[in-house]
Amino acid sequence: MGSTTSKSQRGRGVIESYRAFLLLSASAPVISLGEGNTPLIYCPQLTKRIGRDCEVFVKNEGMNPTGSFKDRGMTVAVSKALERGASALICASTGNTSASAAAYAARTGIPCIVILPAEKIATGKLVQAFAYGAKIVAIDGNFDDALRIVRHLGESGDFVIVNSINPDRIAGQKTAAYEIVDEVSDAPDFQLLPVGNAGNITAYWAGYREYHAHKKSTKLPAMIGFQAAGAAPIFYNRIIEKPETIASAIRIGNPASWKQACAAIAESRGAIEVVSDEDIVAAQNWLARHEGIFVEPASAAPIAGLLKSCNSSEKVYALQKIPEASRIVCTVTGHGLKDPDLIIQQMKKLKSIPATTTDVRRAIGL
Ligand SMILES: *Cc1c(COP(=O)(O)O)cnc(C)c1O
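Heads up: these notes are all about the structure in this document.

### Re the site of the ligand
- Around the ligand, 17 residues are found, and the nearest of them are Lys70, Asn96, Asn197, Ala198 and Thr333.
- Protein burial of the ligand: of its 390 Å² of free accessible surface, 95% is covered by the chains.
- For the shell around the ligand, a count of residues per class yields seven nonpolar, eight polar and two charged.

Below, the structure written as C-alpha cells:
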C-alpha cells in the first residue's frame, strides 16, 4: 500500500487506513473494531465566540468504538502484541484505557487485567470493562500507584502493558493528526487537547511532524495542552502527590510522557494551560447545549480554555493573541455518556405531573 490514503480506505480502522505510517509488518494480525475516521465538526457557535475570522472545529473522538481516542492506540498495541505471541494484556486505568483494552482483548480472545485505583472511576467506563469481561483488580491507591504495579508485573514478561508507556499506543494515536490534515488539506494553526499522562499530545505532535515531513501539510500547529487546576504537574513543573479534579481521565500527578509533552510544546511554540473544575463543567454544558456535542469532563478542558480566552477579564495567555483567520482544532477525547454523574444530579429535579395535555402544556411553560 502506498503512503496516500483514499477515502474508500477510511472507516476500516486506523491500521488499514494508515498502515504505511504505522510500520506494521505485512503478516501482523489486524485486530480492529473500526476505530478512527471520527467526525471533524465545524462549530459555528464556538467560531462566533472567538471571532477574528477564525474557524473552530471539534474532532469528536467520543465516536470511536468504545467512546474514546484510546481505541486508536489499542488496535495497534493489541495487534502488535498478538504478533509477538502475547497471552495476556494488563493496564492501569482511570477508565477509558481499561474500556478499550477490555474490548480489544475480548476480540482477540486473550485475557485483560485491569488494575483500578479504588478512588472514584466514572460509572460508564467501569461498566464497559465489566461488560467486555476484563479481570478487574481494585487497589487502595491512585492511578500513579496502579501504573507502578503494572510496570512491575509487565517486567515479568507474563503480560503486555497497554498503557500509553507502550510505544505502539502512541503510534496508533498519531492517526488522529493524519485524519485532521487529510480532511482539511493542511494542518490547523492551533491544536488544543486535554493532557493527563501526556501520551496523546505527544502522539499528535509526532503525527503532525511526520505528515509535514511527507509534504502533506504546509505548516505545523501550535500544540496547546490543558490540565485541570488540581492536577497540573506540567503547568506547575512538579509532581502532584494527590491530584484532584472532577475530570477523572486527566487526574494524573506524574505524567508518563512528561518530557515528550514538554518537547512537543516547546518545538511547536505551544503552551500548557490550566482550567478550573468549575470552568470544565461549564464548558461541558456549553458544548452540549450550543453545538450538540456531549463530552466527558476531561474532554471539555480545551473548550473551557477556549471559552476563557474569549473572556476579556480572564485571558488564557497562550490564546491571547490568536492571529486573524486562524484555524483551531479542539480534540474532545471521550463521550459524555461515560461519566454522567454530574448530569444525573441535574435530572433529579424531574418530578412527574398528571397525564393531561393541560398540565403538560403548563409544565413546558413556553
Ligand atoms: C486518556 C484520556 C485523556 C488524557 O490523555 P493522555 O494521553 O493521558 O494525556 C483525556 N481525555 C480522555 C477522555 C481520556 O480517556
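After presenting the structure, the write-up continues.
### A closer look at the state of the cysteines
- In this structure the tally under the stated criterion is zero disulfides.
- With no disulfide of its own, Cys54 lies closest to Cys310 among cysteine sulfurs, the gap being 9.6 Å.

### Concerning the nonpolar core
- Of all hydrophobic cores here, the largest spans 35 residues; its most connected members are Leu46, Leu192, Ile303, Leu306 and Ile328.
- Breaking this core down by element, the ones donating at least two residues are helix H2 (44–50), strand S2 (55–60), strand S7 (190–194), strand S8 (222–228), strand S9 (271–275), helix H12 (277–291), helix H13 (301–310) and strand S10 (327–332).
- What Leu46 contacts, discounting residues up to four positions off in sequence, is Val56, Val58, Trp286, Leu287, Glu291, Ile303, Leu306 and Leu307.
- Judged by nonpolar contacts, the second largest core, of 32 residues, contains Ile15, Leu40, Tyr178 and Val184.

### Considering the pairing of S7
- S7 sits mainly inside the fold: five of its five residues count as buried.
- Of the two faces of S7, the one lined by Phe190, Leu192 and Pro194 and the one lined by Gln191 and Leu193 are each fully buried.
- Examined bridge by bridge, S7 and S8 share five bridges and lie parallel to one another. When the sheet's bridge partners are listed, Phe190 is paired in S8 with Ala222.
- Tracing the backbone out of S7, into helix H9 (residues 199–213) and back to the parallel element S8 gives a crossover that is right-handed.
- Where S7 meets S10, three bridges bridge the pair, whose relative direction is parallel. Paired with Leu192 across the strands is Cys330, a residue of S10.

### Remarks on the packing of aromatic side chains
- Summed over the entire model, instances satisfying the criterion amount to seven aromatic pairs.
- Ring geometry for Tyr18 versus Tyr178: centroids 5.2 Å apart, planes at 55 degrees, classification tilted. Separated by 160 residues along the polypeptide, Tyr18 in helix H1 (residues 14–22) and Tyr178 in helix H8 (residues 175–184) bring together distant segments of the chain. Each member of the pair, Tyr18 together with Tyr178, is buried.
- Ring geometry for Phe21 versus Tyr178: centroids 4.9 Å apart, planes at 45 degrees, classification tilted. Taken as a pair, Phe21 in helix H1 and Tyr178 in helix H8 lie far apart in primary sequence, 157 residues in all. This pair shows no difference in class: Phe21 is buried, exactly as Tyr178 is.
- Every member of this aromatic cluster is reached through a ring pair, and the members are Tyr18, Phe21, Tyr178 and Tyr211.

### What to know about the sheet that holds S2
- Across the sheet, which stays open at both edges, the six strands sit in the order S1-S2-S10-S7-S8-S9 with mixed pairing between neighbours. The sheet is open, and its two borders are formed by strand S1 (40–42) and S9, each paired with just one other strand. For this sheet the average axis-to-axis angle between neighbouring strands, irrespective of direction, equals 25 degrees.

### With respect to helix H15 (residues 357–364)
- Little of H15 is tucked away, with zero of its eight residues classed as buried.
- Once H15 ends, the next one or two residues include Gly365, with phi positive near 70 degrees.

### Re the side chain of Thr202
- Looking at the secondary structure, you find Thr202 in helix H9.
- What Thr202 contacts, discounting residues up to four positions off in sequence, is Ile170, Ser257, Gln260 and Ala261.

### Here we look at the sheet that holds strand S6 (residues 160–161)
- The parallel open sheet is built from four strands, whose spatial order is S5-S4-S3-S6. A single partner strand is all that each edge strand has here, and the edge strands are strand S5 (135–139) and S6.
- In this sheet, S5 lies alongside strand S4 (residues 112–117) in parallel orientation, the contact comprising five bridges. Paired with Val114 across the two strands is Ile136, which belongs to S5.

### Focus: a nonpolar patch on the surface
- Taken together, the side chains of Ile353, Val360, Ile364 and Leu366 present a nonpolar region at the surface, about 460 Å² in accessible area.
- As for its position among the elements, Leu366 is in the segment after H15.

### Some points on the pattern of salt bridges
- Under the counting rule described, the total for this entry stands at eleven salt bridges.
- Here Glu296 makes a salt bridge to Lys125, at a shortest N to O gap of 2.6 Å. Separated by 171 residues along the polypeptide, Glu296 in the loop between H12 and H13 and Lys125 in helix H5 (residues 123–131) bring together distant segments of the chain.
- Classification of Glu296 as buried rests on a relative accessible area of 1%.

### Overview of the environment of Trp258
- For Trp258, the location among the structural elements is in helix H11 (residues 258–267).
- Between the alpha carbons of Trp258 and Val195 there is a distance of 9.9 Å; along the sequence they are 63 residues apart.

Rules used throughout
Residues numbered from 1 in each chain as written. Predicted model: local features only at pLDDT ≥ 70, side-chain atom pairs only at ≥ 80, totals over all residues. Heavy atoms only, no water. Near = heavy atom within 4 Å. Areas by Shrake-Rupley, 256 points an atom, 1.4 Å probe, with all protein chains shown as cover. Nonpolar A, V, L, I, M, F, W, Y, C, P; charged D, E, K, R; others polar. Disulfide = S-S within 2.5 Å. Core = buried A, V, L, I, M, F, W, Y, C linked by side-chain atoms within 4.5 Å. Buried < 20%, exposed > 50% of the residue type's maximum accessible area, 1.4 Å probe, protein only. Helix = DSSP H or I, 4+ residues; strand = E, 2+ residues; numbered from the N terminus. Contact = heavy atoms within 4.5 Å. Pairing = 2+ DSSP bridges. Right-handed = clockwise from strand over helix to strand, strands pointing away. Phe/Tyr/Trp six-rings, centres within 6.5 Å; stacked < 30°, edge-to-face > 60°. Axes fitted to C-alpha atoms, helices over the stretch in contact; angles between N-to-C directions. Patch = residues over 30% accessible without salt bridge, like charges linked within 9 Å, V, L, I, M, F, W, Y side chains within 5 Å. Salt bridge = Lys/Arg side-chain N within 4 Å of Asp/Glu carboxyl O.

Shape is all these values report; function is a separate question.
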